[in-house]
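Residue-level structure breakdown
The residues making up each chain are set out below.
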Amino acid sequence: MTQPYDLDTLAIRSGIHRTEFNEHAEALFLTSSYVFDNAQQAADRFQNKEPGYIYSRFTNPTVNAFQERLAVMEGGEYAIATASGMAAILTTMMGLLKAGDHIVVSQSIFGAAVQLFTNILSRFGIESTFVPLSDIDGWKRAIQSNTKLFYLETPSNPTMELVDIQALAEVSKNAQVYLVVDNCFCTPILQQPLSLGADIVIHSATKYIDGQGRVLGGAIVGSKALLKEGIYSFLRTAGPSLSAFNAWILLKGLETLKLRVEAQSQAALSLAQWLSEHPNVIRVHHPGLVSHPQFELAQRQQTHGGAVVSFEVKGGQEKAWRVIDSTQLISITGNLGDTKTTITHPATTTHGRISEESRVKAGITDGLIRVSVGLESLNDIKTDLSRGLD
Ligand SMILES: *Cc1c(COP(=O)(O)O)cnc(C)c1O
């Protein structure tokens, strides 16, 4: 199911392959393996001579349904689901890279991804150079003869910096390196990096795709030719596969993704505008604010600014913690993308294991607070933040 349908319809109707029972809702296949008609069929499946299911580390019908639906929504040919967002990043790197390779990475990416590149992949001979996200010339300058890919998130977490994906895709294509974009913050509802020239889209489905804080999951989207080789082989062999149960949750999450993300983005923009006027707030980061340094790019590249707002309060860590600890409704938790509004102090939590130097370079100051806006009443969210802010 692709053409003549709109994204809204594809989110609900694509990826469905009904069984002999003609169930209406998507079936949940809790099975680790599949039965063969005879020994010949088993042999043919294992030797890839006949298509079909073998074992759920490789493929599972519920996981396939999720993969198919997400791929269609991202405008991609193929998707591979993984156990978590980090598993999606690892699987992509293990599938595409080898010892001696070099990658260029935005300095403003998810904390665990920084750890993966600097502390783990480096042990296997894969080197990373970190560059400022929006500096296209910086990416160009960082290219070496052994550079294989560019990796980034836009907007970045938690300072909401953007990069012009189309402009960077031109650089990556000229240099013949893959452009990998983590689209977790926007989801395909707000931004479709593949249509702007990216080669691979990564997701932490744990965030907006689930959207209700229940399960972990991840995905890799791109062309079949790129994904079916090294990336799928790594998944199938090493096993960071998505469970069928989590796939089923995420599949149903895709159905309401547009409604949730658009409503949460609207609320986040209103909250950002309100915070901008507060006397105890030094600055507010949200791509939908006219004051955002890349407002024009955000308008062109995204349909909304997204549901995350970060802001710096006067008085550094002490005052930031006071705002967080004064809340009664908002959840103090590192997760984001939930229908429940969440609040975090990035410098001492999600980004706490990064060196102070890199943290300051990425704009994650001690007074910075990140709020992921949920679906509660905006008035109640404002009242809750006012307790400490005022
Ligand atoms: C959470 C997150 C990840 C990691 O995803 P998990 O599902 O927690 O492994 C990767 N990228 C971004 C932008 C995230 O917010």
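Residues numbered from 1 in each chain as written. Predicted model: local features only at pLDDT ≥ 70, side-chain atom pairs only at ≥ 80, totals over all residues. Heavy atoms only, no water.

Glancing now at the pattern of salt bridges. Under the criterion given, the structure shown has 17 salt bridges. In this structure, Arg69 engages Glu255 in a salt bridge whose closest nitrogen and oxygen atoms are separated by 3.1 Å. With a gap of 186 residues between them, Arg69 in helix α3 (residues 61-74) and Glu255 in helix α10 (residues 244-276) connect regions that are remote in the sequence. The closest approach of N and O atoms between Arg141 and Asp135, which form a salt bridge, is 3.8 Å. Look at Arg141 and you get exposed, because its relative accessible area is 63%. (Salt bridge = Lys/Arg side-chain N within 4 Å of Asp/Glu carboxyl O. Helix = DSSP H or I, 4+ residues; strand = E, 2+ residues; numbered from the N terminus. Buried < 20%, exposed > 50% of the residue type's maximum accessible area, 1.4 Å probe, protein only.)

To continue, consider the domain arrangement of the chain. Once the domains are mapped, the chain shows domain 1 (7-255) and domain 2 (258-389). Spacing between the C-alpha centres of domain 1 and domain 2 amounts to 27 Å. On the domain 2 side, the residues contacting the 35 residues of domain 1 number 39 residues. For the pairing of domain 1 and domain 2, the buried interface totals around 3000 Å² over both sides, and the portion due to carbon and sulfur atoms is 55%. Looking at the side of domain 1 facing domain 2, the largest losses of area belong to Leu162, Leu190 and Tyr208, adding up to 24% of the total buried there. Run the count over domain 1 and domain 2 and you get two salt bridges. We note a salt bridge from Asp164 to Arg300, for which the minimum N-O separation is 3.6 Å. Here domain 1 is connected to domain 2 by 15 residue pairs in polar contact (both at pLDDT 80 or more). At the level of secondary structure, the elements contributing two or more residues to the side of domain 1 that touches domain 2 comprise α5 (111-120), α7 (165-175) and α8 (187-190). With three residues, the top contributor of residues to the side of domain 1 that touches domain 2 is α8. Taken together, the residues of the side of domain 1 that touches domain 2 break down into 14 nonpolar, 16 polar and five charged. (Domains from an automatic or database assignment. Contact = heavy atoms within 4.5 Å. Buried area = accessible area lost by both parts, 1.4 Å probe. Polar contact = N/O pair within 3.5 Å; in protein donor to acceptor, adjacent residues only side chain to side chain. Nonpolar A, V, L, I, M, F, W, Y, C, P; charged D, E, K, R; others polar.)

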